[in-house]
Amino acid sequence: MPDDDLGFDPPPHSPDPRPRGVRTWLVVLLVAVVSTAVLAVLGAPSPVLFGALLGGLLVGISRMATPELPRPVSVFGQALLGVSTGAVIDPETLGDFVDHAGPVVLSVLLTIAASILLGQLLRLQRKHRVTPATATFSFIAGGASGVTAVADELGADDRVVAVVQYLRVLIILVGMPVMAVVAFGAPVGSDTQSVAESTGLLFGEITWPALGFTVICLLLGLLLARIVSVPAGNLLLPLSVAAVFAVTGALDPLLGPGATEFPAPLEAVAFAIIGLQVGLRFTRESLRSVARLLPMSTAIILVIIAVSAGIGIVLADVIGISRLDGYLATTPGGLYAVLLTADLAGGDVTFVLAVQVLRLFLVLALAPVIAAYYRRRKA
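Everything numeric here is computed off the predicted structure, so don't read it as measured data.

### Some remarks on the overall build of the chain
Here's step 1: Broken down by element type, the chain carries 18 helices and 0 strands.
Here's step 2: A sequence separation of at least 24 residues applies to 80% of the contacts in the chain between residues at least 6 apart.
Here's step 3: Summed over its atoms, the accessible surface of the chain is roughly 16300 Å², and 67% of this surface lies on carbon and sulfur atoms.

Following this line, the structure appears as structure tokens:
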């Protein structure tokens, strides 16, 4: 069951009866390309990612029929990001994570608890009755697609949960790189500040060793994802395969040196797919269905993000890592954007990933327990 944060599975909504043809996709791609070019000229961080997001978002909220990204394309984007992330995993950081397991687990639990408690503020909205379960699973930190998929079974209003969860993802995706630059001085924009550099991302060199490494990890990872059922398997299993090969160097005799240098053009492809996945989630219909909740929901999301950042800063000071890594590790969701930002900013991707994945699994494990508690109270 991919995460939100990990797989960006679409929230449930009424199917659009209008045809979704080639013309709509041409509009999506045109808006995405133009947005990417404008953002690159303006020196915005990750212009490919945000350009694709804007392309999907603007079409999604328009009166056009909203297309759905084909499942194989989504899987390919997830797997690509998994391989690119796994290629930078190193054993030293994993050892540091284990050494500081206590503070890390405590910070994860505090982030989840804070999101649940602050989410109860949504029940103050008088014009729309919100149950405790709906408030909880709308704001619980992480696991957006997993929580959304089972929201009805958990006793929550799945319409509210879907929109609020993906609103959180959108806010994090758009705001996090800016926060990383403004609040933490991260050089997130340095790799993509000019049109020339963005062009290099799209048309950079692809070496045969790097391409071979990528293909092998993709094939093995996706094969494992079909065999082994794990949350966000299309991301985590290619990531795990790439990490094993990167740490052990097992493919070096076959491919030669430089194999783990992930090709920049393929990274741009992953950025574009991720942006489209998020942007296409937001249709006029889905937003209108809970429009009255959006102002308060947005305010609560911003407070949760701020509280999570505070927890991350304290964690960083306690265990001796950079405050940027602490902030990224405890950001409540948006794993794709977290990993991309950590990579572009030169952060500790391994540590950030480990903390984010730990929270994901805890959220998915705790959800049925929390739902059972609410059922007992209601009875």
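### Quick notes on the nonpolar core
Here's step 1: Counting 51 residues, the largest nonpolar core has Leu49, Leu122, Phe139, Leu173, Met176, Leu324 and Leu328 as its most contacted members.
Here's step 2: Broken down by element, the residue count for this core peaks at 11 residues, all from helix 8 (residues 158-184).
Here's step 3: Aside from chain neighbours lying at most four places away, what touches Leu49 is Leu173, Phe271, Ile274, Gly275 and Leu340.
Here's step 4: With 24 residues, the next largest nonpolar core counts Ile116, Ala151, Val363 and Ile370 among its residues.

### A look at helix 2 (residues 47-60)
Here's step 1: Compared with an ideal rise of 1.5 Å per residue, which puts 14 residues at 20 Å, helix 2 spans 19 Å between its outermost C-alpha atoms and is within 8% of the ideal.
Here's step 2: Turning to helix 2, its buried residues number three or more, namely Pro47, Val48, Leu49, Phe50, Gly51, Ala52, Leu53, Gly55, Gly56, Leu57, Val59 and Gly60.

### Looking at the packing of aromatic side chains
Here's step 1: Per the counting criterion, the structure on display carries 2 aromatic pairs.
Here's step 2: Between the aromatic rings of Phe184 and Tyr327, the centroid separation amounts to 4.9 Å while the plane-to-plane angle is 25 degrees, which identifies the pairing as stacked. You can see Phe184 sitting in helix 8 and its partner Tyr327 sitting in helix 16 (residues 323-330), a full 143 residues away along the chain.
Here's step 3: The class of Tyr327 is buried, set by a relative accessible area of 3%.

### A closer look at helix 1 (residues 22-42)
Here's step 1: For helix 1, with 21 residues, the first-to-last C-alpha span of 30 Å sits near the 30 Å given by 1.5 Å per residue.
Here's step 2: Inspection of helix 1 places Thr24, Val28, Ala32, Ser35, Thr36, Leu39 and Ala40 among the buried residues, and these make up the whole buried set. Buried residues of helix 1, viewed axially, fall in a sector of 130 degrees; they line one side. More than 90 degrees from the buried face of helix 1, the exposed residues found are Val22, Arg23, Leu26, Leu30, Val33 and Val41.

### Details of a nonpolar patch on the surface
Here's step 1: Where nonpolar side chains cluster on the molecular surface, the patch consists of Leu30, Val34, Val38 and Leu42 and spans about 390 Å² of accessible area.
Here's step 2: Structurally, Leu42 can be placed in helix 1.

### Observations regarding the environment of Ile216
Here's step 1: Inspection of the secondary structure puts Ile216 in helix 10 (residues 208-227).
Here's step 2: Note: C-alpha distance between Ile216 and Leu251 (35 residues apart in sequence) is 9.4 Å.
Here's step 3: The residues touching Ile216, leaving out its near neighbours within four places in the chain, are Phe245, Leu251, Leu254 and Leu255.

About the criteria used
- Residues numbered from 1 in each chain as written.
- Predicted model: local features only at pLDDT ≥ 70, side-chain atom pairs only at ≥ 80, totals over all residues.
- Heavy atoms only, no water.
- Helix = DSSP H or I, 4+ residues; strand = E, 2+ residues; numbered from the N terminus.
- Contact = heavy atoms within 4.5 Å.
- Areas by Shrake-Rupley, 256 points an atom, 1.4 Å probe, with all protein chains shown as cover.
- Core = buried A, V, L, I, M, F, W, Y, C linked by side-chain atoms within 4.5 Å.
- Buried < 20%, exposed > 50% of the residue type's maximum accessible area, 1.4 Å probe, protein only.
- Expected span 1.5 Å × (residues − 1).
- Phe/Tyr/Trp six-rings, centres within 6.5 Å; stacked < 30°, edge-to-face > 60°.
- Arc of directions from axis to C-beta.
- Patch = residues over 30% accessible without salt bridge, like charges linked within 9 Å, V, L, I, M, F, W, Y side chains within 5 Å.
- Salt bridge = Lys/Arg side-chain N within 4 Å of Asp/Glu carboxyl O.

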